[in-house]
Amino acid sequence: MRLFTIGHSTATLQQLVDVLRDHDVDVLVDVRSKPRSRLAHFDQVPLRTAVEDAGIRYRFLGDRLGGVPQDPEMQRRWRQGHLDPVIVAHLRSTDEWTDGIGELARLVTAGGGSNVCIICSEGDPNECHRKAVALDAAAAVG
């Protein structure tokens with residue numbers, strides 16, 4: 001079992017699917033708060049269809065592991081492409097985050113271990129909340 005992260009950035013849908021296949025990904029977990037993109041092929045429905053057609057399961061957990069906080073004060077701090085440690089700490093303190101990390105850990109360990117990839121839009125994982133998601137999921141899996 002392995003846990004990967006990927007940011008779709010400006011890739012094509014086929015490039016993304018090829019990378020997932022090259023790494024034997026079994027499940028793609030979408031952690032975008034709002035599963036849409038300025039690149040229409042990465043909106044939830046086309047993305048889900050393409051990965052499922054490639055034999056990869058799609059799971060949306062952006063409602064629990066999305067990077068845009070629900071708290072209005074935290075929302076004012078949020079900026080696309082900027083990993084704010086205050087926001088990450090806030091997200092980690094929520095029941096939704098804890099539940100989402102638990103679900104992600106179950107996906108990774110299901111059936112003896114699946115290769116799972118977390119997807120968001122940001123190309124640079126150092127500027128994306130999916131880095132915190134991956135760290136917390138890895139800790140939960142042990």
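That block above? That's the structure.
Residues numbered from 1 in each chain as written. Predicted model: local features only at pLDDT ≥ 70, side-chain atom pairs only at ≥ 80, totals over all residues. Heavy atoms only, no water.

(A) Expanded view of the overall build of the chain. Looking only at helices and strands, one finds 7 helices and 4 strands in the chain. Seen in sequence order, the chain has helices and strands lined up from the N terminus as β-α-β-α-β-α-α-α-α-β-α. With the principal axes as the frame, the chain shows a C-alpha extent of 40 × 35 × 25 Å. By the burial criterion, 44% of the 142 residues in the chain qualify as buried. (Helix = DSSP H or I, 4+ residues; strand = E, 2+ residues; numbered from the N terminus. Buried < 20%, exposed > 50% of the residue type's maximum accessible area, 1.4 Å probe, protein only.)

(B) Quick look at the sheet that holds strand β4 (residues 116-120). Spatially, β1-β4-β2-β3 is the arrangement adopted by the 4 strands of the open sheet, whose pairing is parallel. Only two strands of the sheet have a single partner each, and these edge strands are β1 (3-7) and β3 (57-60). Each strand axis lies, on average, 25° off the axis of its neighbour in the sheet, ignoring direction. Here strand β2 (residues 27-30) pairs with β4 via 4 bridges, running parallel. Residue Asp30 lies in a different strand from β4, and its bridge partner there is Ile119. Across the sheet, helix α2 (residues 44-53) lies against β2, β3 and β4, angled at about 150° from β3, the strand it touches most. Sitting on the sheet, helix α6 (residues 95-109) touches β1, β2, β3 and β4, and the angle it makes with β4 is about 140°. (Pairing = 2+ DSSP bridges. Axes fitted to C-alpha atoms, helices over the stretch in contact; angles between N-to-C directions. Contact = heavy atoms within 4.5 Å.)

(C) Seen up close, the pairing of β4. Of all 5 residues in β4, 5 are buried, a share of seventy percent or more. The side-chain alternation of β4 yields two buried faces, one formed by Val116, Ile118 and Cys120 and the other by Cys117 and Ile119. Pairing geometry for β1 and β4, over 5 bridges, is parallel. Looking at the pairing, Thr5 lines up with Ile118 of β4.

(D) A look at a negative patch on the surface. Together, Asp18, Asp22, Asp24 and Asp26 give the surface a local cluster of negative charge. Following the sequence through the fold, Asp18 ends up in helix α1 (residues 13-22). (Patch = residues over 30% accessible without salt bridge, like charges linked within 9 Å, V, L, I, M, F, W, Y side chains within 5 Å. Areas by Shrake-Rupley, 256 points an atom, 1.4 Å probe, with all protein chains shown as cover. Salt bridge = Lys/Arg side-chain N within 4 Å of Asp/Glu carboxyl O. Lys, Arg positive; Asp, Glu negative; His and termini not counted. Charge placed at Lys NZ, Arg CZ, Asp CG, Glu CD.)

(E) Broad picture of the packing of α6 against helix α7 (residues 130-141). Orientation of α6 relative to α7, taken along the N-to-C sense of each, is 65°, at an axis distance of 9 Å. Handedness of the α6/α7 crossing: right-handed. Taking contact as the criterion, the partners of Trp97, Ile101, Leu104, Ala105, Val108 and Thr109 in α6 are, on α7, Ala132, Val133, Asp136, Ala137, Ala140 and Val141. Of the residues that constitute the contact of α6 with α7, the class distribution is 10 nonpolar, 1 polar and 1 charged. (Left-handed = near helix turned anticlockwise from the far one by under 90°. Nonpolar A, V, L, I, M, F, W, Y, C, P; charged D, E, K, R; others polar.)

(F) Structural context of the pattern of salt bridges. Evaluated as defined, the whole model comprises 8 salt bridges. In this structure, Arg59 and Glu103 form a salt bridge, with 3.5 Å as the shortest nitrogen-oxygen distance. Taken together, the positions of Arg59 in strand β3 and Glu103 in helix α6 put the pair 44 residues apart, joining distant regions of the chain. Owing to a relative accessible area of 27%, Arg59 belongs among the partly exposed residues under this scheme. A relative accessible area of 18% means that Glu103 is categorised as buried. For Asp99, the salt bridge is made with Arg64, and the minimal N-O distance between the two is 2.7 Å. With Asp99 in helix α6 and Arg64 in helix α3 (residues 62-65), the pair connects residues that are 35 residues apart, well separated along the chain. Its relative accessible area of 38% is what places Asp99 among the partly exposed residues. Put simply, Arg59, Glu103 and Arg106 are held in one network by salt bridges that share partners.

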